[in-house]
Structure formats: structure tokens, C-alpha cells
Amino acid sequence: MRNPEPTAAQWLGSAGRIVVKIGSSLLIDPANRTPRAGWLAGLARDLVDLREAGATVIVVSSGAVALGWQRLGIPRSTQLDRRQAAAAIGQSLLMNAWAAAFAEHDVAVAQLLLTLQDSVSPERSANAQATLAVLLEAGAVPVVNENDSVATEELKLGDNDRLSARVAELAGADLLLLLSDVDGLYDRDPREAAARHVGYVSSIDEGIVAMAGGTQADGVGTGGMATKIAAARHAGALGCRTIIASGREDHPIHRLAEGARATLFAPADP
């Protein structure tokens, strides 16, 4: 008899260390380009519940550049110095939003800005691991973002999915949760009537990669399903499970634990 496929609730309940990635399209209200304070408060409650259940939690959060455009009062631009300036001013606004969301729970949030080199250089990665360890031991929630004011390569690529997988590696996480604007992987464009949702992926092969298609930008976000599949593949190679789920509604993690649809990616065989 075939073993039943796992559920998101099971993976959430058994995880000891969870990295949760939130994109700009979830965090920022597209109408006024400001943080969705009520949504963030609900997500903070969900994360506190995970902590109270025994897990440690690390957040990877986009949003600095998008918030910076609004505060500077200038239009979005592909010009590097303008994007870096937007990131510089938007990062403090992003952290203020996270601090406000966790304030009622008396939970400290800590800013940690990384570049790709911080995860691949042995010396830099050791420093990042040590910082994460101290923050988690002290009971803080690390909020990690790409150091967009200096990381020119990442600004050009424009997503934090890869970063979240690297953070999962640095932290020794056993679950990576990618909150998206869709509820997982489909076998074709989910806007097509015949699109079929894929609930469980036992291994990421070329067929799964093909389903993801190309990276597409929508609204204030810049990532796409292809980058999320790449993150799941990186995490899975390290023995870390990945869930891609919708974060559109309030309390997205609570909804996931209650059975909301998602795509689960098993880690690679050891």
C-alpha cells in the first residue's frame, strides 16, 4: 500500500527550526505602497504560535526597495544607484513594520543583512551562523534581507528566494516555508482553467522545473515560481523540507496548519 503523502500541518508540527520567506507582494499594500500592518500582525501571531510550540523561527523579508520608492517619492527605476538609495531608506521602514508587528508579544526583532558572499565564504558564513545562533538563543526573531544597498548582483536578479535557501543552510533549518501569492505549484499557468495543482513533489526533476516556467514580476514583487523551485532544490539537497503556500489571507500559517492548499517538496534522499 502506498504511504499517504505528508501534510503541511505535519511538517509544521515536527519542524525544529523554520525559515519563513515573505515577498514584497504580500507585505506591501499595492494601493499606497505601505506595509500591510494588519496582515503583518496576524503573521506575527502565527510565528509566535510556532515558537510557543517549540520551534525556532527566522524570517527572510523583502520589501525595502519597494518601501523606499514610496518614502523617497520617486518612481521605480532600474537605475542601480536609485535602487540602492531606495533600499537604504526602505530598510529602516521595513524593520519598523516588523518591530511593530511583534511589539504586543514582547518579542525582539533583529535586522540581519546578508549578501551571497556571506553564505559562500567560509569565514563570512561562520560569522553569520554565529550571529544567528546568539540571536535565537536570546529569543529574538532574526529578520534577514539581502543587503540591497551594496549587493549589485542580487539587485539585478531581484528576489529573496535564493537567499532564503541560503539562510536555511546557514541556520541548519529543517523546514523552509515560502509564502507566495499563489498556493503552490501548478502543472501549467494557474490562470488556465485546466491547470492542476501539485500537492507533493518527491523529487525535483526537469519536469517539475518546466512546470515552474520563467520568473515573472507582478506588482511590487519580483520573484516567480522558478526561483522558488530553485530554492526548494537547494534546501532539499541539504535535507531541508520546503513548503510553497499562499500568504494572501490573514494568518497564513494558521490557515496552512488547518489544511490550506500548498505544495510540499521532500528533501533529497541522503
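Look up: the structure comes first, before these words.
Residues numbered from 1 in each chain as written. Predicted model: local features only at pLDDT ≥ 70, side-chain atom pairs only at ≥ 80, totals over all residues. Heavy atoms only, no water.

## Examining the side chain of asparagine 160
Take asparagine 160: it is sitting in the loop between helix 8 (152-157) and helix 9 (161-171). At a separation of 2.8 Å, a polar atom in the side chain of asparagine 160 contacts the side chain of asparagine 145. (Helix = DSSP H or I, 4+ residues; strand = E, 2+ residues; numbered from the N terminus. Polar contact = N/O pair within 3.5 Å; in protein donor to acceptor, adjacent residues only side chain to side chain.)

## A word on the packing of helix 3 (residues 37-52) against helix 5 (residues 80-103)
Between helix 3 and helix 5, whose axes approach to 8 Å, the crossing angle comes to 60 degrees. When the axes of helix 3 and helix 5 are compared, the pair comes out oblique. For the pair helix 3 and helix 5, the crossing hand works out as right-handed. Contacts from Leu40, Ala41, Leu43, Ala44, Leu47 and Val48 in helix 3 reach Ala97, Trp98, Ala101 and Phe102 in helix 5. Across the contact of helix 3 with helix 5, the residue classes break down as ten nonpolar, no polar and no charged. (Axes fitted to C-alpha atoms, helices over the stretch in contact; angles between N-to-C directions. Parallel < 35°, antiparallel > 145°, perpendicular 65-115°, else oblique. Left-handed = near helix turned anticlockwise from the far one by under 90°. Contact = heavy atoms within 4.5 Å. Nonpolar A, V, L, I, M, F, W, Y, C, P; charged D, E, K, R; others polar.)

## Section: the environment of phenylalanine 102
Considering the arrangement of structural elements, one finds phenylalanine 102 in helix 5. Owing to a relative accessible area of 0%, phenylalanine 102 belongs among the buried residues under this scheme. Considering only alpha carbons, one finds phenylalanine 102 and glycine 184, 82 residues apart in sequence, at a separation of 27 Å. (Buried < 20%, exposed > 50% of the residue type's maximum accessible area, 1.4 Å probe, protein only.)

## Focus on helix 7 (residues 122-137)
The end-to-end C-alpha distance of helix 7 is 22 Å, a good match for the 22 Å that 16 residues give at a rise of 1.5 Å each. What helix 7 keeps buried is the set Ser125, Ala128, Leu132, Leu135 and Leu136. Angularly, the buried residues of helix 7 cover 95 degrees about the axis, an arc narrow enough to put them on a single face. Facing away from the buried side of helix 7 by more than 90 degrees, the exposed set consists of Pro122, Glu123, Val134 and Glu137. Buried positions along helix 7 lie against strand 1 (17-22), strand 4 (56-61), strand 5 (109-114), helix 6 (116-120), strand 6 (141-146) and helix 9. Residue glycine 139 follows helix 7 closely and has a positive phi angle near 90 degrees. (Expected span 1.5 Å × (residues − 1). Arc of directions from axis to C-beta.)

## Brief notes about the environment of glutamine 70
Tracing the chain through its elements places glutamine 70 in helix 4 (residues 64-72). Its relative accessible area of 41% is what places glutamine 70 among the partly exposed residues. Each C-alpha atom of the pair glutamine 70 and isoleucine 89 lies 9.9 Å from the other, and the pair is 19 residues apart in sequence. Once you skip the residues sitting within four places of it in the chain, glutamine 70 turns out to touch Asn32 and Arg33.

## Some remarks on the pattern of salt bridges
The final tally for this structure, using the stated rule, is eleven salt bridges. Where aspartate 49 meets arginine 45, a salt bridge forms, and the shortest distance between an N and an O atom there is 2.8 Å. Highlighted residues: aspartate 49 and arginine 45, both in helix 3, separated by four residues, approximately one helical turn. What makes arginine 45 partly exposed here is its relative accessible area of 28%. For aspartate 161, the salt bridge goes to lysine 228, with nearest N and O atoms at 3.3 Å. (Salt bridge = Lys/Arg side-chain N within 4 Å of Asp/Glu carboxyl O.)

## Considering the nonpolar core
If you look at the biggest cluster of nonpolar residues, it comprises 41 residues, and the most contacted ones within it are Ile22, Leu47, Trp98 and Ile243. Among the elements that line this core, the one with the most residues is helix 3, at seven residues. Residues contacting leucine 47, with those up to four places away along its chain left out, are Val20, Val57, Val59, Trp98, Phe102 and Ile253. (Core = buried A, V, L, I, M, F, W, Y, C linked by side-chain atoms within 4.5 Å.)

## Considering the sheet that holds strand 1
The mixed open sheet is built from eight strands, whose spatial order is 5-6-4-1-7-11-12-10. Bordering the open sheet on either side are strand 5 and strand 10 (200-201), each of which pairs with just one other strand. Inspection of the sheet shows strand 10 paired to strand 12 (residues 262-265) by two bridges, in the parallel sense. Within strand 12, the residue paired with valine 201 across the bridge is phenylalanine 265. (Pairing = 2+ DSSP bridges.)

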